[in-house]
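Here is how the chains run, residue by residue.
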Amino acid sequence: MTHTSPRQRVPDSCAFVIFGVTGDLTHRLVIPSLYNLAATDLLPEQFCVVGIARKGTSSDALRDSLMKGLRRFATRPVDEAVARRLLECVTAVEADAKDAPSFDFLRKRLDELEAARGTSGNRLFYLATPPIAFAPIARQLGRTGLLKEENGAWRRLVVEKPFGTDLASARALNSELLKIAGEHQIYRIDHYLGKETVQNILVLRFANGMFEPIWNRNHIDHVQITVAEKLDVEHRGSFYDSTGALRDMVPNHLFQLLSLVAMEPPARFDAHAVRTEKAEALAAIQPQSVADALNNSVRAQYLAGQIGDKAIPDYRRTKDVAPESTTETYVALKLAIDNWRWAGVPFYLRTGKALAAKRSEVAIKFKQAPLAMFSCTPVDRLSQNYLVIGIEPTEGIELQFNAKVPGPTISIDGVEMTFHYRDYFKAEPSTGYETLIYDCMIGDNILFQRADGVEAGWQAVEPFLDAWKQAGAQGLKTYRAGSEGPADANELLKRDRRSWRKIC
Ligand code: BG6
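The sections below set out a description of the structure shown in this document. (Residues numbered from 1 in each chain as written. Predicted model: local features only at pLDDT ≥ 70, side-chain atom pairs only at ≥ 80, totals over all residues. Heavy atoms only, no water.)

Strand pairing in a sheet relies on backbone hydrogen bonds. The paired strands run either parallel or antiparallel. Sheet architecture is open: nine strands sit in the order S16-S15-S14-S13-S7-S12-S11-S8-S17, paired in mixed fashion. The open sheet has two edge strands, strand S16 (412-420) and strand S17 (476-480), and neither has a second partner. The average angle at which neighbouring strand axes cross in this sheet is 20 degrees, direction not considered. Across five bridges, the pairing between strand S8 (residues 297-303) and S17 is parallel. Its bridge partner lying in S17, tyrosine 302 is registered against tyrosine 479. On the sheet, helix H9 (residues 244-262) packs against strand S7 (220-228), strand S11 (330-335), strand S12 (347-352), strand S13 (359-366) and strand S14 (386-392) and is oriented at approximately 140 degrees with respect to S12. (Pairing = 2+ DSSP bridges. Helix = DSSP H or I, 4+ residues; strand = E, 2+ residues; numbered from the N terminus. Axes fitted to C-alpha atoms, helices over the stretch in contact; angles between N-to-C directions. Contact = heavy atoms within 4.5 Å.)

Contact pair helix H10 (residues 271-283) / helix H14 (residues 451-471): the axes reach a minimum separation of 8 Å and the direction vectors enclose 15 degrees. The orientation of H10 relative to H14 falls into the category roughly parallel. Regarding H10 and H14, the two cross each other, and that crossing is left-handed. Mapping the contact onto sequence places Ala279, Leu282 and Ala283 in H10 and Asp452, Gly453, Ala456 and Gly457 in H14. Counted by class, the contact of H10 with H14 contains four nonpolar, two polar and one charged residues. (Parallel < 35°, antiparallel > 145°, perpendicular 65-115°, else oblique. Left-handed = near helix turned anticlockwise from the far one by under 90°. Nonpolar A, V, L, I, M, F, W, Y, C, P; charged D, E, K, R; others polar.)

What follows concerns the pattern of salt bridges. Here the structure, examined in full by the defined rule, presents 28 salt bridges. The salt bridge partner of glutamate 361 is arginine 359, with a shortest N-O separation of 3.4 Å. Look at glutamate 361 and you get buried, because its relative accessible area is 2%. Judged by relative accessible area, arginine 359 falls into the partly exposed class, the value being 24%. The shortest N-O distance in the salt bridge between lysine 477 and aspartate 488 comes to 3.7 Å. One end of the pair, lysine 477, is in strand S17; the other, aspartate 488, is in helix H15 (residues 487-494), with eleven residues separating them in the sequence. Residue classification places aspartate 488 among the partly exposed positions, given a relative accessible area of 29%. (Salt bridge = Lys/Arg side-chain N within 4 Å of Asp/Glu carboxyl O. Buried < 20%, exposed > 50% of the residue type's maximum accessible area, 1.4 Å probe, protein only.)

Spelled out as C-alpha cells, the structure:
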C-alpha cells in the first residue's frame, strides 16, 4: 500500500517473470501497470521482464503484441520513449509445466538474463494463467529451486484469482504452494484491494475519531454491500458457466469489502496485524444449515433484455453456456457475523451481471432516531441515515442525514454530504493494479490475501454452494437484463422491514 511518504521508494532490482504473457490479463492490466510504474519512475534501473511463451514465440513478436496491448489499454497517453524502454526489457522464454526439462532451461536462461541485466537474483513469478495451471507451474518452480530464497535474494510468487473453487480446492492449493514457498513469498491478488476507496475503508475507520465509536451493533442497523454490473457474460460463457456469480465475486471481492468494514482495529498497520483481523472477521460469519442457506439467499439468472443500445440474449443462449444451465448470474445473501461488535446486525450482499447500472458500494445504515420528539409537529417520518462508501461509478463517501427544510413550520428532509476523490486529490487514471504490483516488488503484502483469509472466505460461502447443489434448478429465479435484479432479492430484505438502495 502506498503509505503516507510523499516519495515512494524504488523497488529492488528484479526479474519479473510472467506465466500467461500472451493472455488477456497481461495485455490489459499487467503491462499497462508496469508502464504506469515506469512513467512515474517506480521501476528499478536493473529490471527485466521474462515472458513465458509457447514454442516459436520470438521476443520481437512478444514485444509487438505487448505494445499493441499497451496502446489499447493504457490509462494515460503513451510516451513512446518510456514504452520502448520498458519493452526493451522483455524477453520471451519457452517453458511448459508439462515439460519438466523446459523449467531446467528456464532456470538457466534466467541466470543468464539476470547476469546480463544485473537484477541481483531477485525474482517475481506472476501466474497470469488460467487457475488450472497454478499448481503444475508452482510444482515445477519448486522442483527447480527457482523459488528458493538464497544469497540475500528474494523470490515471490503472485497468484491470480480464482483461488480454488470451494473450500477443499482452496485448501489443496494453499498446501501445494506452501510446500514450495513460505507464506511471506506468496501474493494472492484480489484486484479490489487495488482500488483507492477500498483501501480507504481502513483509513476512514481508523484514522478518524468519529466513526469507530458508533461502528457497532448499538448504532448500526445493517450493512449493504452491492457490486452491480451492467456487463453481461459476453464471451466468457465457458468460464462463467462453471463458476457463477457466487464463486466469481463473493468469497473474494465482496468479502474483501466485508472484512474491511467488519474487522477489529489492528494493533499496527502491518500485513500480519491487518490480515489477522480481516481473517478473524470472515471466520466469525455464522455458519448456516441447508434450510437457512436457502432461506437467506437468492440466486437468479438473467433473461433477454436491453441495456442502453445493447440487446442482451438470455443467459442460457450465451455462447458456451449450457442450454439448461442452473448457474446463477445474480446472488443476494443475508449473513450474520457472530461477535460482540456485530451480533444482530445483518450484512446483506448482492452482486450480479446485466443489471441496470454499474454500481459498487458499501452502505452502512444507522439506527433510526426516535420520532416521538416530533409527534406534535407535521413530521411523520425521518429519512434513513446512511454512510455510503462508493467505489463505482464515483469513488467517494456520502453521508445522508436529516435537515430542517427552511421555513416557519417544522419540516424535515434527507440531505447528503458528499466527498469525491477526484475533487480533492489529483491522481493520474490508473489500472488499480500498479499499487499491487509495486507492493509485490517492495515486499509489502498487506493488500494480499493470506491462506487463512482465503479459506475463511470459502468456508463462509460453502453452505450456499452445498444448498444450491442439492436444490438444483429448484429455487433458481430470473430477472430481466437491464433491471435492478430479481424481485425475490427485494423480499429478502422486505421480510426484515428493510429495503435495498436503488442501483440507479
Ligand atoms: C472479476 C470477475 O474478478 O471482477 C468479473 O471475474 C467481474 O466477472 C470483475 O466483471 C469486476 O471487477 P470491477 O473492478 O469491474 O468491479
